[in-house]
Amino acid sequence: PAVGTFQLTVVKARGLKIREELFGFDVPDVYFEVQLGGKKFTTTVKHNSITPEWNETHDWELLNHEQVLEIQGWDRNEREEDSDLIIG
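Looking at the side chain of Asp75
Turning to step 1, where the next piece is worked out: By the secondary structure assignment, Asp75 is in strand S7 (residues 69–75).
Turning to step 2, where the next piece is worked out: Here Asp75 is buried and forms no salt bridge, its nearest opposite-charge partner Arg19 lying at an N-O distance of 4.1 Å.
Turning to step 3, where the next piece is worked out: Among the polar contacts made by the side chain of Asp75, one reaches the main-chain amide nitrogen of Asp29 at a distance of 2.9 Å.
Turning to step 4, where the next piece is worked out: In contact with Asp75, not counting residues within four places along its chain, are Arg19, Asp26, Pro28, Asp29, Asp84, Leu85 and Ile87.

Right, dumping it as structure tokens:
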């Protein structure tokens, strides 16, 4: 039985940087993964932006008051052989 509901809205990200690479620059393709109680929500990818905005909301059922919320920001890599880079 759930003890309540938790709602999270991913609004925007600020302070992202353009990375200098060997053959140019990389503007991040940002998305967020949010996990709570073993369930994961992933935002859409905002391509080539250092000021991305989502306004995406997700609801979870809380099973207890000790569940851990984990939020990670990622930079999507276009090449499938490269892993996405964690940015926070």
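Having seen the structure, we can now continue with the description.
Quick notes on the pattern of salt bridges
Turning to step 1, where the next piece is worked out: If you walk through the whole model with that rule in mind, you get 5 salt bridges.
Turning to step 2, where the next piece is worked out: Residue Glu21 pairs with Arg19 through a salt bridge whose shortest N-O separation is 3.2 Å.
Turning to step 3, where the next piece is worked out: Residue Glu21 is classed as partly exposed on the basis of its relative accessible area, which comes to 38%.
Turning to step 4, where the next piece is worked out: Each member of the salt-bridge network shares a partner with another, and the members are Arg19, Glu21 and Asp26.

Definitions and limits used
Residues numbered from 1 in each chain as written. Predicted model: local features only at pLDDT ≥ 70, side-chain atom pairs only at ≥ 80, totals over all residues. Heavy atoms only, no water. Helix = DSSP H or I, 4+ residues; strand = E, 2+ residues; numbered from the N terminus. Buried < 20%, exposed > 50% of the residue type's maximum accessible area, 1.4 Å probe, protein only. Lys, Arg positive; Asp, Glu negative; His and termini not counted. Salt bridge = Lys/Arg side-chain N within 4 Å of Asp/Glu carboxyl O. Polar contact = N/O pair within 3.5 Å; in protein donor to acceptor, adjacent residues only side chain to side chain. Contact = heavy atoms within 4.5 Å.

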